[in-house]
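Residue-level listing of the chains:
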Amino acid sequence: MCWGRAWLKGWDHQGSIEPLANPYQKGQGSLTLPKAKAHLVCPITNFHRFPLQEEGLNDVQEMIKTEKPHPERRLRGVLEELSSGLSCDSSTTLRSQVKKNTMKDKLKLVQNFLQKLRFLADEPQHTIPDIFIWMMSSNKRIAYARIPSKDILYSIVDEEMGKDCSKVKTVFLKLPGKRGFGPAGWTVQAKMEIYLWLGLNKQRKDFLSGLPCGFEEKKTARGQNLPSFPPISLLYTKKQVFQLRAHMYQARSLFAADSSGLSDPFARVFFITQSQCTEVLNETLCPTWDQLLVFDNVELYGEAHEMRDDPPIIVIEIYDQDTVGKADFMGRTFAKPVVKMSDEQYCPPRFPPQLEYYQIYRGNSTAGDLLAAFELLQIGPGGKSDLPPIDGPTDIDRGPILPVPLGIRPVLSKYRVEILFWGLRDLKRVNLAQVDRPRVDIECAGKGVQSALIQNYKKNPNFSTLVKWFEVDLPENELLHPPLNIRVVDCRAFGRYTLVGSHAVSSLRKFIYRPPDKKAQHWNMTVKLLNGYLAMANSGPRSRPTGEIVVNMEPEVPIKKMETMVKLEANSDAVVKVDVEKKKKKKKGGGGGGGGGEEVEEEEPDESMLDWWSKYFASIETMKEVEIKLDDSPMKGTKGQMKNKEKSKVAKDDKKKKQQSAAELPEKKNKQKIDELKVFNKELETEFDYFEDWLHTFNLLRGKIGDNDDNATEEERIVGRFKGSMCVYKVPLPDDITKEAGYDPNFGMFQGIPSNDPINVLVRVYIVRATDLHPADINGKADPYIAIKLGKTDIKDKENYISKQLNPVFGKSFDIEATFPMESMLTVAIYDWDLVGTDDLIGETKIDLENRYYSKHRATCGVSQTYSIHGYNIWRDPMKPSQILSKLCKEGKVDGPHFGPGGRVKVANRVFTGPTEIEDENGQKKQTDEHLALSVLRHWEDIPRAGCRLVPEHVETRPLLNPDKPGIEQGRLEMWVDMFPMDMPAPGPAIDISPRKPKKYELRVIVWNTDEVILEDDDYFTGEKSSDIFVRGWLKGQQEDKQDTDVHYHSLTGEGNFNWRYIFPFDYLMAEEKIVISKKESMFSWDETEYKIPARLTLQVWDADHFSADDFLGAIELDLNRFPRGAKTAKQCSLEMVTNEAELPMVSIFKQKRVKGWWPFVARDENDELEITGKVEAELHLLTAEEAEKSPAGLARNEPDPLEKPNRPDTSFIWFLNPLKSIKYLICTRYKWLIIKIVLALLLLIMVALFLYSMPGYMVKKLLGA
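Cut-off values and rules
- Residues numbered from 1 in each chain as written.
- Predicted model: local features only at pLDDT ≥ 70, side-chain atom pairs only at ≥ 80, totals over all residues.
- Heavy atoms only, no water.
- Helix = DSSP H or I, 4+ residues; strand = E, 2+ residues; numbered from the N terminus.
- Buried < 20%, exposed > 50% of the residue type's maximum accessible area, 1.4 Å probe, protein only.
- Contact = heavy atoms within 4.5 Å.
- Areas by Shrake-Rupley, 256 points an atom, 1.4 Å probe, with all protein chains shown as cover.
- UniProt positions renumbered as here; feature names shortened; annotations may be inferred.
- pLDDT = per-residue confidence, 0-100.
- Salt bridge = Lys/Arg side-chain N within 4 Å of Asp/Glu carboxyl O.
- Polar contact = N/O pair within 3.5 Å; in protein donor to acceptor, adjacent residues only side chain to side chain.
- Patch = residues over 30% accessible without salt bridge, like charges linked within 9 Å, V, L, I, M, F, W, Y side chains within 5 Å.
- Phe/Tyr/Trp six-rings, centres within 6.5 Å; stacked < 30°, edge-to-face > 60°.
- Lys NZ or Arg CZ within 6 Å of the ring centre and 35° of its normal.
- Pairing = 2+ DSSP bridges.
- Expected span 1.5 Å × (residues − 1).
- Bend = angle between axes of the 7 residues up to and from the residue.

Caption draft 1: Spatial organisation of the overall build of the chain. A tally of regular secondary structure across the chain gives 19 helices and 58 strands. For the chain, with 1266 residues in total, the buried portion stands at 45%. Long-range contacts, defined as pairs at least 24 residues apart, comprise 67% of the intrachain contacts of the chain with a sequence gap of at least 6. Accessible area of the chain: about 68400 Å², with a carbon and sulfur share of 53%.

Encoded structure:
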């Protein structure tokens, strides 16, 4: 049986708690409820709570927001608490994966993980009904609150108790029905404090355990035998008087409530039964109220120590003041004050309280932050005179408004804010009119600056004056810096200004300039010099000039690579990687045993055979190997879990690996190394911080137009982009900066930035391939083609669509001439070709070329791994490495480059060494400094001051998105972009990345003999086992072109003789190691579909039947790139050739060209285990189409190059075609001796019969003497 009790405080409306119907009875100092007793049969459920983990995750979010160091450590601690509390392996694994770069992703995972745990912990259907509290007015229900019964359920075990049981909680009432949903339901109808307790009848003695102390119970007299019931009211005799001081300093990033994109915000503070408002600040999203609100004579009931430990909460609501109508609700937050009792001193560390940020919520979404502090001061016996004094109003213009006291208000310093005005991009229409003369207004803490007016936005969207500045007083504490507001207005006729959009830079920390610390710099230089001297000491006795750091750039011993087949599946984008690590076999003496001969070492392809795709596939292989190594690396968290035995075992394995690697070193040196490029499996922008090294992009957002815009995403609210930057620093600047050579005061901290005048650029777009495209046709496929748009140039490669393919390989390049900044947004789209109707957009990706072009990372043309003047790795950039290096040194004011003898180049205080010779097309070596210059470029980030990482030669992978399906990836596109200014020397022709054409081959397979084929048939006359053997063969993907030998009839031993030739012509891609087949999917298909499948030969052995289906006996499938060498004899042919391929010598028909031997036929028995069902002697001969044309051969045993007829035994015939021969065979072979015996017996019987027949007559003649 359950029993419930509730008390309400400080509420003057009539109300009810269902199912109770009696009205409240008013008592002194409280509102009371009549007795409430509910008779319910209910199980007590364990309610698991995760308050510690939720608090920990909030701490992590706050650390990320305030940019505090090492938030990942705090997240690991939260996961450790979770795993220890739940014995959860998932959280342990997740904890080991938390790194600095994966911090935000793992935080989302942990939040989802905790949400799932909370969902599992909650009972899906509670047996106890929820509690409803109604506010009534004139018998009408105007507001309500619903409290889950599980939250107030009592238990003697603390972990199982409801989170709000035996606590005074603040409850907010909301509108009932549909009115309670949406923006209208976000406002609070009433606030009340309520104490709720629900428990078993036998536990009712504990129901008052959580109430504040200092009350007297008023009980109802009942009969002597009846139990004592709970009191009907409580009379508090102890009350405390307080003064609340709300220091409302600032709000930031508020909700845009007006159509102008701004708001007129004010704050309303609620505490107990009082409320006050701040002043209204017009047209701002980051108001600085700097106002003190004082709540006098606040009466609180209970003991003083309880008030100190758990004070009531403060509710702060933000509203937008409208000239007409009521104020619009913008958000709400909660706070708890810092309590000072009358016997405490008002001194550090608790007082005066520090300003804190409070997250403002609008519905379920965040709507800004409030920077404020709250203190609750007890008024002692001496009255208010004992409280800290309050300074009077200081600003005459503001009237009687009290400012935030100096001890709480942040300490301000003079800062200078320099703004770089570069330009505006993609501005949308405002009120159906195009933006023509825009201007940017910058505001921070009441100060600001305006940009120059753009006279004609269409003609040139860049600003004429680049740098402007203003000075402002900002807090010393960077966390308290106000946001910087960017507003774009359009200057229209008659002096009208229309707001286009705005942006609030919430954190200025990344724009703050900090002068370099000379002491730290000196220490770092000392460490680097020390490392340089150590390197010199290890490398040799040669002396170096003082202060130089030597970087050795000689080519290292190349890493041994696995011979790898990189496969592009027809139905998958995955690059399939099959390890084919060759085991080199040495020639054995005598050469006995199957496959024991010499394994010919495979020759590396000639450089003339290599192309761009060779480099691409080698790069993908390297990328996959790196990913595998990262995945296989041991987790840090599992180090301590290894036992001693395991440790020793691992140590032994490591020792063996080291010995093996040492043995492999000589082989590594013989390997030819293919030059590689960098394959990024993400956008290039994410790798280089969106190329915002000095030029930033700020999205401009429009204001609210209606209530429907509350659910609009940020993408939908974007009305344009402002390009520029800012630099914030304390004034004055150090003298060494302002007095530096070439310092231009007009550009301030933005020295050396390029001109923003229009510039003509050649944009070269390379599209490699697309993967995982979303199906666009009803057959689950798509017919993709490329569409590129840049400014007025619109290219649609509709004629070269790829039929029925979700992973198309395009291999195309496009040259476009563009003018920056007017044409700087490149759009690459993939469309689905349709025969009838308009083509469908599959997905598109957009690239801001301007940021790339002007970036210091030099994203115009990637820096290659090596410098070459011919071949597949030819240098693409019109500027040579030495020219690029000289330009970078000049722009960065770096000393160098100084090329010296012996392959040395000095840049700043770094000395690089490397090769100095290059081979031309004729193989002749020439002296050059380009290798040295390239080695510096590849390590440009190590150069002091001016150094930064340069973009390497690369392929980037970009997600394809569809505006109709926001947030859902429609596939991925591999591509890269090169840009060349038109006023520089013209670049060479584009690199040929067209897909490789398959080469025509012809595979000739001769089936000579079979042996030990299982016998399936029983002889009609003799019952003897036999088989009518024939062999079937085909290449995978060409099953319809399968070929059969003739039948070897009546094989009694499993031996078959054929001398039969198959011929399989096919198209083959050597790089991908796939057979290419083009065929129509159906008779209704418009064009052929291309498939890429592995090169595999299938041979099967069958038993031919005349009046029923043929019986399958066994098969073998040979991967033509890697299959076991055939055995020399049938006896040496074993099952291990199929089951244990790894330890056998493997051959490739594309390198061996001709292979002959014995291979086993296998099939699965009744126990699903492989068994040998026969052996075949075959010969495989691979020829190119040209070779096959020169030396033709006929199918079967036909001309040209006919094969001899097999020498089959006499038993291999058909009985119904040769009946006399079959009778002769039966008589001669089977019953010869039996017939001889029968004939001899018959002759003997005849002789005996004749004797018996003639004996009486002969005896009579003898007796008669005749």
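Caption draft 2: Representation of helix α14 (residues 930-938). Counting buried positions along α14 yields eight of nine residues, so the element is predominantly enclosed. Along α14, the positions that sit buried rather than exposed are Glu930, His931, Leu932, Ala933, Leu934, Ser935, Val936 and Leu937. For α14, the secondary structure elements touched by its buried residues are α13 (881-891), β38 (898-900), β39 (904-907), β40 (910-913) and β41 (917-919).

Caption draft 3: Fine view of the UniProt feature "transmembrane region" (unreviewed entry) in the chain. As recorded in UniProt, the sites labelled "transmembrane region" (unreviewed entry) are residues 1233-1253. Counting secondary structure, residues 1233-1253 comes out at 100% helix and 0% strand; the distance between its end C-alpha atoms is 30 Å.

Caption draft 4: Up close: the confidence of the model for the chain. The predicted model of the chain averages 79 in pLDDT, with 78% of residues at 70 or higher. Confidence drops under pLDDT 50 across residues 1-49; counting only partners more than four residues distant or on other chains, this segment forms 140 contacts. Contacts of residues 554-603 to residues separated by more than four positions or lying in other chains number 98 contacts, the stretch itself having pLDDT below 50.

Caption draft 5: How the structure looks around the pattern of salt bridges. Applying the stated criterion across every chain, the model contains 51 salt bridges. A salt bridge links Lys730 to Glu476, with the nearest nitrogen and oxygen atoms 2.9 Å apart. A residue pair is termed long-range when its members are at least 10 positions apart, and Lys730 in strand β31 (residues 718-730) and Glu476 in the loop between β23 (467-475) and β24 (484-491) qualify at 254 residues. On the accessibility criterion, Glu476 (37% relative accessible area) is partly exposed.

Caption draft 6: Spatial organisation of the side chain of Asn756. For Asn756, the location among the structural elements is in the loop between α11 (735-738) and β32 (759-771). A relative accessible area of 7% means that Asn756 is categorised as buried. Polar side-chain contacts of Asn756 include one of 2.9 Å to the backbone oxygen of Phe463. Residues in contact with Asn756, not counting those within four places in the same chain, are Trp422, Asn462, Phe463 and Leu466.

Caption draft 7: Quick look at a nonpolar patch on the surface. Among the surface-exposed residues, Trp1233, Leu1234, Ile1235, Ile1236, Ile1238, Val1239, Leu1240, Leu1242, Leu1243, Leu1245, Ile1246 and Leu1250 lie close enough to one another that they form a single nonpolar patch of about 1100 Å² accessible area. Locating Leu1240 in the fold gives a position in helix α19 (residues 1232-1264). Leu1240 gets classed as exposed once you look at its relative accessible area, which sits at 53%.

Caption draft 8: The arrangement of the environment of Lys798 in detail. You can see Lys798 is positioned in the loop between β34 (793-796) and β35 (809-820). Each C-alpha atom, one on Lys798 and one on Asp783, is 9.9 Å from the other, the two residues being 15 residues apart in sequence. Other than its neighbours up to four places away in sequence, Lys798 contacts Tyr785, Trp833 and Asp839. One polar contact links Lys798 to Asp839, side chain to side chain, over a distance of 3.2 Å.

Caption draft 9: Expanded view of the packing of aromatic side chains. All told, the structure shown has 39 aromatic pairs when counted by the stated rule. Stacked on the ring of Trp134, the Lys or Arg Arg141 has its end atom at 4.7 Å from the ring centre.

Caption draft 10: Expanded view of the pairing of strand β22 (residues 447-450). Taken together, the four bridges between strand β21 (residues 438-444) and β22 define a ladder with antiparallel strand orientation. Following the sheet pairing, Glu443 is matched in β22 by Gly448. Between β21 and β22, which follow one another and run antiparallel, lie two residues, and Ala445 among them has a positive phi close to 55 degrees.

Caption draft 11: α19, seen in detail. With 33 residues, α19 should reach 48 Å at 1.5 Å per residue; the first-to-last C-alpha distance of 48 Å fits that figure. Taken as a whole, α19 carries its principal kink of about 35 degrees at Met1255; the proline Pro1256 stands between one and four residues after it. Following α19 by one or two positions, Gly1265 adopts a phi angle in the positive range, close to 75 degrees.

Caption draft 12: Region of interest: the environment of Lys163. Relative to the elements of secondary structure, Lys163 occurs in the loop between β6 (140-147) and β7 (167-173). Note on Lys163: relative accessible area 41%, which makes it partly exposed. Separated by 10 residues in sequence, Lys163 and Leu153 have C-alpha atoms that sit 8.4 Å apart. Polar side-chain contacts of Lys163 include one of 3.4 Å to the side chain of Asp164.

Caption draft 13: The side chain of Arg721, seen in detail. The topology assignment puts Arg721 in strand β31. A relative accessible area of 10% means that Arg721 is categorised as buried. A distance of 2.6 Å separates a polar atom in the side chain of Arg721 from a polar atom in the side chain of Asp426. Not counting chain neighbours up to four residues away, the residues in contact with Arg721 comprise Gly423, Leu424, Arg425, Asp426, Leu427, Thr697, Phe698, Asn699, Leu700, Met825 and Asp848.

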